[in-house]
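Read off the chains here:
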Amino acid sequence: MFTLILFASIISSINAAAIVSRSQSHPLSHHSVLGPQSKLTVANKAIAPDGYQRSATLVNGVFPGPLITAQKGDNFSIEVANELTDTSMFMSTSVHFHGIYQNGTNYADGTTSVTQCPVTPNNSYVHSFSAQGQTGTFWYHSHYSVQYCDGLRGAVVIYDPEDPLAYMYDIDDASTVITLSDWYHAEATVLQYVIGNVADATLINGLGRYVGGPASDLAVISVEQGKRYRFRLVGMTCDSNFQFSIDGHNMTVIEADGQLTEPLVVDQLQILAGQRYSVVVTADQPVDNYWVRSLPDTANASFVGGTNSAILRYKGAPTVEPTTVNTTSTNPLQETNLHALVNPAAPGIPEYGAADINLNFQVAAINGMFFVNNVSFTAPTVPVLMQILSGAQEATDLMPNGSVIVLEANKVVELTLSTTGPGGPHPIHLHGHSFSVVQSAGSSTFNYANPVRRDVVSAGSEGQQMVIRWVTDNSGPWFLHCHIDWHLDVGFAVVMAESPSETRTNMNQAPPGWDELCPTYNALTPEQLGGGGLDNYEAAAHISTVLYPPPTLPGSL
């Protein structure tokens, strides 16, 4: 039975700004940084990152998961070992390395139902791949149903020793990675039945506070006056998007989703689920403490009591919480002002509708379910990659029916996507590629000359559209989906199957462990699958009366 563990607290009536800060500095310590040859042990552990204790699904016992770092050109060998035991949550798992193209290693993409079956308890799977020259800020997370909402998420940085923008900053290391997460007090296996659930807290580098909760520790980002820092912001949320700013400091954007941009000065930026930005911040203010703000797009969100906040602390500043005042942004980031630094032109003929393949997706939300061109994605029993390798080549032969789009090789694709109904802005992510954003949501203009290139883009809200372009130079099935995990779980996805007839030739030999994943997973009993079953559905009914239908077996998107 699902239970909530109440964390007892006493809330002081004294002005928090005058209290000596309980917030300790929590930079990523040495043991929390892994290299490209590493082991990720996925297990359950009780944590209280915002002062409320709950069981979570973690990598190596920490939230966020350990930072994985590499140098340009490194080969990766990441073992995912499943030691999950809590049957109220999902017992199987997967890990997707978000933003890594996996060209030639589609089987290592970590996407259950598309490229693999889940890793079952007491088993492991090794992801061996090359990032093939990619550099920048990425992340990893479970791609099994809504599991990453329970904690399985962490950052990945691939450093470029010849970064053309290195002259702009002095410090770029583990201490300058800033993770932005939403956090939930109920398990995701409960919340997946609630239509329109809302996060309880915002965590910055794994720490935060919730409304009405204790004055728990906040993350402290340490700087030294006069130095320039490359802060790598990682939006690893399940739903929330944030307006991010640092009191008294401008930010110069130099990267979006692993792609360098022309430097752009802003004082605030919106970051959606799955997105990443590198911003250069100069510690040019008086020695003091400054609020770092990450305001979610939820009703009545504020910074009262240190919620949705962290601390930027200059060396030599007292250990107290900041007293800086939030000011209205005068220079927020507009996506249309971002331009790719290298090879900025979008591929193909620079006219709307003049690509080799022109797709139009209309997304509708009906009774909480999502439909792309009238089809709601449901996970196939056999991963799409396995279907292709078994001989299925045409869209009519590939499952799920109506949700697999077959694309020819080496063609320019232009996708227009618009949405109706609630739930926006929807962050749209395409696996296996970065794409050029030739029209941003909410903008009436097209830019084929020098648009931003990234791998997660806002589709905006009702009545808006976005237009993206990419080249089908990466054979295999690639997921395109909303990165609000609750929306993906109820159908907001399609599979782009690029040149299925060439997938076997273009792909390296899958490791023996890949073939063993499906038989092992398919042999599990409902109890071994976990997910809480009807008990969790009853728990959801105590949270809300607006629910999806009751479960049969846990999903496996």
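In what follows, the accompanying structure is described. Every value quoted in this text rests on a predicted model; they were computed, and no experiment measured them.

Some words on the overall build of the chain
Along the backbone of the chain there are 7 helices and 31 strands. For the chain, the C-alpha atoms occupy an extent of roughly 65 × 55 × 45 Å along the three principal directions. Burial status across the chain gives 59% buried among its 557 residues. Taking contacts inside the chain between residues at least 6 apart in sequence as the whole, the part at least 24 apart equals 77%. For the chain, the accessible surface area stands at approximately 20,700 Å², while carbon and sulfur atoms represent 52% of it.

Focus on helix α5 (residues 512-522)
Three or more residues of α5 are buried, namely W514, L517, C518 and Y521. All buried residues of α5 project into a common sector of 80° when viewed along the axis, lining one side. Exposed residues pointing more than 90 degrees away from the buried face of α5 are listed as P512, E516 and P519.

Section: the pairing of strand β24 (residues 412-420)
Counting buried positions over the 9 residues of β24 gives 8, a clear majority of the element. In terms of strand pairing, strand β21 (residues 357-366) meets β24 through 8 bridges, oriented parallel. Residue F361 lies in a different strand from β24, and its bridge partner there is L417. Two elements, β24 and strand β29 (residues 465-471), share 7 bridges in a ladder whose sense is antiparallel. Note that in β29 the partner of S418 across the bridge is Q465.

Let's talk about the sheet that holds strand β11 (residues 201-204)
Taken in spatial order, the 6 strands make up an open sheet running β11-β10-β13-β18-β15-β16, and their pairing is mixed. With one partner strand each, in any of the chains shown, β11 and β16 (259-266) form the two edges of the open sheet. In this sheet, adjacent strand axes meet at a mean angle of 25° when their direction is disregarded. Bridge count for strand β13 (residues 228-235) against strand β18 (residues 276-282) is 7 bridges, and the pairing is antiparallel. Across the sheet, the residue bridging to V234 is R276, located in β18.

What to know about the pattern of salt bridges
One pass over the full model with this rule turns up 15 salt bridges. A salt bridge links D257 to R454; its shortest N-O distance comes to 3.0 Å. Pair noted here: D257 is in the loop between β15 (251-256) and β16 and R454 is in strand β27 (residues 453-454), with a separation of 197 residues, a long-range link. Each member of the pair D257 and R454 is classed as buried.

Side note on helix α7 (residues 533-543)
Among all positions in α7, only N536, Y537, A539 and A540 are buried. Buried residues of α7, viewed axially, fall in a sector of 160°; they line one side. The exposed residues of α7 that point more than 90 degrees off its buried face are L534 and H542. Check the buried side of α7 and you find it contacts α1 (188-191).

Points about the environment of N75
Take N75: it is sitting in strand β5 (residues 75-82). As for N75 and G110, which are separated by 35 residues in sequence, their C-alpha atoms are 17 Å apart. Apart from the residues lying within four places of it in its own chain, the contact partners of N75 are P36, Q37, F129 and S130.

Comments concerning the state of the cysteines
Applying the stated criterion across every chain, the model contains 2 disulfides. Sulfur-sulfur distance for the disulfide between C117 and C518 comes to 2.1 Å. Measuring the twist about the S-S bond at about 90°, one finds the C117-C518 disulfide to be right-handed. Taken as a pair, C117 in the loop between β6 (96-98) and β7 (124-130) and C518 in helix α5 lie far apart in primary sequence, 401 residues in all. Each of the two residues, C117 as well as C518, counts as buried. Here C482 is not cross-linked by a disulfide; its sulfur's nearest cysteine counterpart is in C238, at 11 Å.

Focus: the environment of T179
Tracing the backbone through its elements, the reader meets T179 in strand β10 (residues 177-183). The class for T179 is buried, based on a relative accessible area of 4%. Through-space distance from the C-alpha of T179 to that of S443 is 28 Å; in sequence the pair is 264 residues apart. Excluding residues that lie within four positions of it along the chain, T179 makes contacts with P64, A155, L203, I204, N205, G206, V234 and M236.

Cut-offs applied
- Residues numbered from 1 in each chain as written.
- Predicted model: local features only at pLDDT ≥ 70, side-chain atom pairs only at ≥ 80, totals over all residues.
- Heavy atoms only, no water.
- Helix = DSSP H or I, 4+ residues; strand = E, 2+ residues; numbered from the N terminus.
- Buried < 20%, exposed > 50% of the residue type's maximum accessible area, 1.4 Å probe, protein only.
- Contact = heavy atoms within 4.5 Å.
- Areas by Shrake-Rupley, 256 points an atom, 1.4 Å probe, with all protein chains shown as cover.
- Arc of directions from axis to C-beta.
- Pairing = 2+ DSSP bridges.
- Axes fitted to C-alpha atoms, helices over the stretch in contact; angles between N-to-C directions.
- Salt bridge = Lys/Arg side-chain N within 4 Å of Asp/Glu carboxyl O.
- Disulfide = S-S within 2.5 Å.

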